[in-house]
Each structure stands twice: as C-alpha cells, then as structure tokens.
Amino acid sequence: RRWGFSLSGELRQAAARDPERVAIIDERRGEVTYGQLLGNAERLARALRGTTGVRAGDRIGLLCRNHAGMVEAMVAGTLLGADPVLINTGLSPAQLATVAEEQRLRILVHDTEFAEKALALPPGVERITEERAAELVATAPPGELRPPEQDGRTIVLTSGTTGTPKGARRRTPSGFGPLVSIIHRIPLHARDRIMISAPLFHTWGYAALQVSFALRATVVLQRRFEPAGCVALAAQHRVRGLFAVPVMVQRLLEVPPPRPNPLRIVAVSGSALPGGLATRFMDVYGDVLYNLYGSTEVSWASIATPRDLRAAPHTAGRPPHGTRLAILGPAGERMPPGHVGRIFVGNDMLFEGYTSGAGKESHDGLFATGDLGQVDHDGLVFVVGREDDMIISGGENVFPSEVENLLADLPQVREVAVIGVPDREYGQRLAAYLALHQGEALDADAVREYVRRYRARYCIPRDVYFVPYLPRNATGKVVVRELPRFR
Ligand code: ATP
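Residues numbered from 1 in each chain as written. Predicted model: local features only at pLDDT ≥ 70, side-chain atom pairs only at ≥ 80, totals over all residues. Heavy atoms only, no water.

**With respect to the overall build of the chain**
And step 1. In terms of helices and strands, the chain carries 14 helices and 25 strands.
And step 2. Taken over the C-alpha trace, the chain has a radius of gyration of 23 Å; the compact-globule value for 487 residues is 23 Å, and the two agree within 12%.
And step 3. Taken along the three principal axes of its C-alpha coordinates, the chain extends 75 × 50 × 45 Å.
And step 4. For the chain, restricting intrachain contacts to residue pairs at least 6 apart in sequence, the fraction spanning at least 24 positions comes to 65%.
And step 5. Counting only carbon and sulfur atoms, one obtains 48% of the accessible surface of the chain, whose full area is about 20600 Å².
And step 6. With 58 positive and 53 negative side-chain charges, the chain shows a spacing of 3 Å between the two charge centroids. (Helix = DSSP H or I, 4+ residues; strand = E, 2+ residues; numbered from the N terminus. Rg over C-alpha atoms; globule rule 2.2 N^0.38 Å. Contact = heavy atoms within 4.5 Å. Areas by Shrake-Rupley, 256 points an atom, 1.4 Å probe, with all protein chains shown as cover. Lys, Arg positive; Asp, Glu negative; His and termini not counted. Charge placed at Lys NZ, Arg CZ, Asp CG, Glu CD.)

Quick look at the structure:
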C-alpha cells in the first residue's frame, strides 16, 4: 500500500525497513528509534480510542514544544484517521479558545507548562497532559491497530499575523516532490543528523520533520530554543543540518559557535532574513546558510543558497525544481525584472484548503501569497513584504522593509521595525522602532538624518522609538499590534 508523502507514511516505511535507527534524540528522553516511535504512536492511538472514543474524522489539537511525545501524539492521531491540529504555543488563552472552537477540536494534548492555558478551552474538549499521554503509551492494552481508510491529515495553522490563525490542511503528495525540491538546493544526505529548532507546530518545523523522516535522518530536538543549549546539542550529537527561524540565527551569534563546528547546513524560513544578519552569520559559521521563502499554504517557494546570499544578502533565492513563481501586476500581467508586484506561487506542495475563515486568491493555478516582491535579471527573488504592510504616505508607496534594511545597516542597531501609523495630513506616516546593541546610543534626529541621506523624504520616519527589544511571534515576525505598548 502506498501512503503518499506524509509524516506517518514515512515513519511506517522507516520503521519497517530500519527499525533500530535512531529517529529522535530528545533532550529529556534520549534516543527513540524509528521502531519505538511508531510502536509508541500505535499504543497511544489504541489507548486514545479506548479512553476518549476519538475516531476517524475527529480533530486532535496539539499544544506542545519540540519533543518526541509531540511527534508520537501527532502520528497517533493520523493512525486513527483523525486530523492533528498543530497549535502555536504562543497563543493567548482567548486565542486558544477561538481556535479550538473554529477547528472543532475533540481533544487537546498539551505540555504540562500549558495546563493553565488549556483551562480556557470550551467545555467538551477533553484535555490530555503529556504525562497522561506517556502513561497511556505505557499501559495501552495489547492489540492490533487496523489502518484507517485514510490517514488523518495534519492541519497546520498560519501564524495569525493578519488575524486569527487559519487552519491549512496539508496535502499528501503522491510523489516525492517536496523532498526533491529541497534536496535540489540544499545538500541534505540520507541518514543525516538534523536538529529542528523551528517549532514543530509551524509549517517550517513540520515540513523539516517530514523531510527528515523521508531521509531516515536522526532528529535532535531541544524542547525550547535557547542558543547556548542549541550549540551544545549540535556539538554533542555532531549535527550536520539545523532548521531554524531567522531570530534564532541572530541569537546564535550571541554565544560562541561549536568548536569544531559540525554544522554544514543552517536553513531558515518563516520570516524575513535580514541581509546584514545573513552576512554576519556566514562570517562566523562559514557559507552554510540557506534562506527559504514560503508560507503555511505553499510550503517553500524559493530557496537561497550561501552563494546567492553572498551575491545578494537580502535575496530569497530561486524557485526550486517543480515550483512556479510569478510576479504579477494589478491586472494580472507579468512584471518585468526589477519591478515590484504580487508574488504568486504554484507547486505540488500547495495546501488543500482552509479549514476555517476566508481563503486567499488564486490566478491561473497560482496562489496569491499576499506578499510583494520582485525578481532581478539573474532570476533572484526578493520579497519586499506583505501587501497589507505597504505604507501609503502622502500618496507615495513605501515598503517598510526598504527602510528597515537601511536602518539595520547602522552599526548601533540590533533590530528594527518600521510601520505605518495614521496621520491627519499624509494619511499615514512612518514610525520606526529600534532596539540597539548593548552599550550603543543613537538619537532620533540622527536616525532621520541618516534616512534623509539615502531615501526620498516620504521614507523618513517621523516617529522614532528606542525599545529594549521587539515583540516577536514563534517564527520571528514582529507582532505589530504589541509595538505601541513599548513606547
Ligand atoms: P496569517 O496568514 O495568519 O496572517 P502568516 O502569513 O504570518 O499568518 P505564515 O504562513 O507562518 O503565516 O507566514 C508566511 C509569511 O511569512 C509569508 O507570506 C512571508 O510574508 C513571510 N516569510 C516567510 N519566509 C520568508 C522569507 N524567507 N523571507 C521573507 N518573508 C518570509
């Protein structure tokens, strides 16, 4: 029987052919082989069916950090034909309640640390702590688990940057398109040691896990990212590939790199990778950095290799094998190289549809990512930001990323966000939030003067705020609605 390219399909294959191979090295539990991982997931599935009555078609929410128990619960759900819904651990209790209702969760498996948050769930959603799940695995009655008609399909939530997170149901491609498209650009090997620091509940971490299992890799998991521990685990387990989000890469620069450094691949996605950061990171870690542009809906749409990033540090690279990427103008016309337009993407990794909320638009089989960008004469893709974030000040269009990239080049600046705020005279004006490196100083006038030197008048931020750090979500995106609290 063919299972298609899915997490449980890959795990079944690996457990059948290579049961003794270590699938996960869990920070707390240690080594778990592919055979054990599948066995545990099957036992949990049987126990869940017995105790909660969960059935095919039900939805199982997961509110967990990166650990083996999360993977077991996810697979257990699909083995019952139930759909696991991966939930962002950073959601507020109120957001969690909304998601639970919109996604019609039947049960929620959660880490101990989220017990209080889980109290916000609507009545009727059964809560299962990680300890209870472990107990269920240990005490499950023996028996066979008959495979469902169809494996449950994972629902990954979008980051909720533009509102309530939307559930995106993943497709199960019949071929190995996603795997081919990534190894086409990133030199991952079969049986590699891979550390996944990007959250497993996010599309990037989840996809990294799928790819790792397909490669029969050994996956190292640190429950919660923290740079010194990440470096120590990478050194201890001779990790060759690290999957992370851009802020993690920034935080890795705050601690000494592993000596000797086993990392040959550091792949980031989920939010924009500032060009200055890419260069600084490669100066310390060597030419090992890959930047993937993508979203929950399209997986990855372009990949920048270290060579691309050396040539153009802000680039998101090129569409990989099997992906079409088009830059379209307002009337759906193709934009010439060097001109900004809306980014549309088509590939066989496209999600199947939303499980809640409105959809995004598609055009000629291509999906509107909601981002603006351009492709240069060499075919390199540059993402300038979200359509919704574009600022119109005095009738002029300003892309926040353009001003952010400029300000990020100031040596004093650690991180920066530029947003539009309502203005009576101009419609919108620019506000810049700057977090400086320790011990550095800068004043608002110097910031404005610097921008004035390089950009048009309407790009100059009228409001300049110095803040200790920027509020970010799990993928490293700045949470704009929280910025005013920092003033
Ligand atoms: P929501 O759809 O709920 O508002 P979201 O779009 O933030 O949330 P994700 O699917 O996690 O949810 O994020 C995808 C978006 O992240 C992309 O559309 C793009 O704006 C941004 N992004 C991801 N990777 C990159 C990258 N490498 N460079 C630039 N932007 C990126």
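**Description of the pairing of strand β23 (residues 413–423)**
Looking along a regular strand, one sees the side chains alternate between the two faces of the sheet.
And step 1. When you tally the buried positions in β23, you get eight out of 11 residues, the bulk of the element.
And step 2. Taken together, β23 and the strand that follows it, strand β24 (residues 427–436), pair antiparallel across an intervening segment of three residues. (Buried < 20%, exposed > 50% of the residue type's maximum accessible area, 1.4 Å probe, protein only. Pairing = 2+ DSSP bridges.)

**Observations concerning the site of the ligand**
And step 1. Neighbouring the ligand are 21 residues; Thr158, Thr161, Thr162, Thr296 and Asp371 lie closest to it.
And step 2. Taking Thr158, its side chain carries an N or O atom lying 2.6 Å from an oxygen atom of the ligand.
And step 3. Here a nitrogen atom of the ligand and a backbone polar atom of Gly270 are 3.3 Å apart.
And step 4. For the ligand, the protein covers 96% of the area, taking 650 Å² as the surface of the free molecule.
And step 5. For the shell around the ligand, the elements supplying multiple residues, two or more each, are β13 (289–295), β19 (366–375) and β20 (381–386).
And step 6. The dominant element in the shell around the ligand, judged by the number of residues it contributes, is β13, at five residues.
And step 7. When the residues that make up the shell around the ligand are grouped by side-chain class, the tally is four nonpolar, 13 polar and four charged. (Near = heavy atom within 4 Å. Polar contact = N/O pair within 3.5 Å; in protein donor to acceptor, adjacent residues only side chain to side chain. Nonpolar A, V, L, I, M, F, W, Y, C, P; charged D, E, K, R; others polar.)

**A closer look at the sheet that holds strand β17 (residues 353–354)**
And step 1. With respect to topology, seven strands assemble into an open sheet ordered β6-β5-β3-β4-β7-β8-β17, the strand pairing being mixed. Each edge of the open sheet carries a strand with a single partner, namely β6 (126–129) and β17.
And step 2. Bridge analysis of strand β3 (residues 59–63) against strand β4 (residues 83–86) gives four bridges, and the strand direction is parallel. Residue Ile60 lies in a different strand from β4, and its bridge partner there is Pro84.

**Thoughts on the domain arrangement of the chain**
And step 1. For the chain, the assigned domains read domain 1 (32–153), domain 2 (177–384) and domain 3 (390–486).
And step 2. Taken over C-alpha atoms, the centre of domain 2 sits 25 Å from the centre of domain 3.
And step 3. Every contact between the two is made by 13 residues of domain 2 and, on the other side, 11 residues of domain 3.
And step 4. Interface of domain 2 and domain 3: buried area, both sides summed, is about 1000 Å²; carbon and sulfur atoms make up 61% of it.
And step 5. Counting the surface domain 2 buries against domain 3, the share from its top three residues, Val247, Gln250 and Val384, is 34%.
And step 6. Summed over the shared surface of domain 2 and domain 3, the result is three residue pairs in polar contact (both at pLDDT 80 or more). (Domains from an automatic or database assignment. Buried area = accessible area lost by both parts, 1.4 Å probe.)

**With respect to helix α13 (residues 400–408)**
And step 1. Looking only at α13, the buried set comprises Pro400, Ser401, Val403, Leu406 and Leu407.
And step 2. Where α13 is buried, its residues touch β20, β21 (391–393), β22 (396–398), β23, β24 and α14 (444–454).

**Focus: helix α2 (residues 34–52)**
Helical geometry note: an α-helix holds 3.6 residues per turn, so side chains three or four residues apart project in the same direction.
And step 1. In this model α2 runs 26 Å from its N-terminal to its C-terminal C-alpha over 19 residues, within 8% of the 27 Å that 1.5 Å per residue would give.
And step 2. Looking at α2, one finds that the buried residues are Tyr34, Leu37, Leu38, Gly39, Asn40, Ala41, Leu44, Ala45, Arg46, Ala47, Leu48 and Thr52. (Expected span 1.5 Å × (residues − 1).)

**Some points on the pairing of β19**
And step 1. Counted residue by residue, β19 has seven buried out of 10 residues, so it is predominantly covered.
And step 2. Pairing analysis gives four bridges linking strand β16 (residues 341–346) to β19, with the strands arranged antiparallel. Bridged to Gly341 within β19 is Gly373.

**Some details on the sheet that holds β23**
Strand pairs in the sheet, formed through backbone hydrogen bonds, run parallel or antiparallel to each other.
And step 1. In space, the three strands of this open sheet follow the order β23-β24-β25, with mixed pairing throughout. Looking along the sheet, the strands with just one partner apiece sit at the ends: β23 and β25 (463–466). Looking at each pair of strands side by side, their axes are set apart by 20 degrees on average, direction ignored.
And step 2. Two elements, β23 and β24, share 10 bridges in a ladder whose sense is antiparallel. Looking at the pairing, Gly420 lines up with Leu430 of β24.
And step 3. Across the sheet, α13 lies against β23 and β24, angled at about 145 degrees from β23, the strand it touches most.
And step 4. The sheet strands contacting α14 are β24 and β25, and the helix crosses β25 at an angle near 125 degrees. (Axes fitted to C-alpha atoms, helices over the stretch in contact; angles between N-to-C directions.)

**Some thoughts on the nonpolar core**
And step 1. Among the nonpolar cores identified, the biggest contains 100 residues, and Ile182, Phe213 and Leu289 are the most heavily contacted of them.
And step 2. Two domains each donate at least three residues to this core, and these are domain 1 (32–153) and domain 2 (177–384).
And step 3. Aside from chain neighbours lying at most four places away, what touches Phe213 is Leu7, Glu10, Leu11, Ala23, Ile24, Tyr34, Leu37, Val71 and Val219.
And step 4. The next biggest cluster of nonpolar side chains, apart from the first, holds 20 residues, and it includes Val413, Leu434, Leu442 and Val447. (Core = buried A, V, L, I, M, F, W, Y, C linked by side-chain atoms within 4.5 Å.)

**Side note on the pattern of salt bridges**
And step 1. Scanning all chains against the criterion turns up 25 salt bridges.
And step 2. Between Arg21 and Asp18 there is a salt bridge whose closest N-O contact spans 3.1 Å.
And step 3. Note on Arg21: relative accessible area 23%, which makes it partly exposed.
And step 4. Its relative accessible area of 28% is what places Asp18 among the partly exposed residues.
And step 5. Among the salt bridges present, the one from Arg455 reaches Glu402, with a minimum N-O distance of 2.9 Å. Pair noted here: Arg455 is in the loop between α14 and β25 and Glu402 is in helix α13, with a separation of 53 residues, a long-range link.
And step 6. Several salt bridges share partner residues, and in doing so they unite Asp423, Arg429, Arg462 and Asp463 into one network. (Salt bridge = Lys/Arg side-chain N within 4 Å of Asp/Glu carboxyl O.)

**Thoughts on unusual backbone geometry**
And step 1. Note the cis peptide between Arg259 and Pro260, where omega equals -10 degrees.
And step 2. Summarising the element assignment, Pro260 is placed in the loop between α10 (246–252) and β12 (265–268).
And step 3. Backbone geometry places Arg104, a non-glycine residue, at a positive phi of 50 degrees.
And step 4. Within the fold, Arg104 resides in the loop between α4 (93–102) and β5 (107–110).
And step 5. Its identity is not glycine, yet Arg238 carries a phi of approximately 45 degrees, on the positive side.
And step 6. Checked against the element boundaries, Arg238 lands in the loop between α9 (227–236) and β11 (241–244).
And step 7. Owing to a relative accessible area of 58%, Arg238 belongs among the exposed residues under this scheme.

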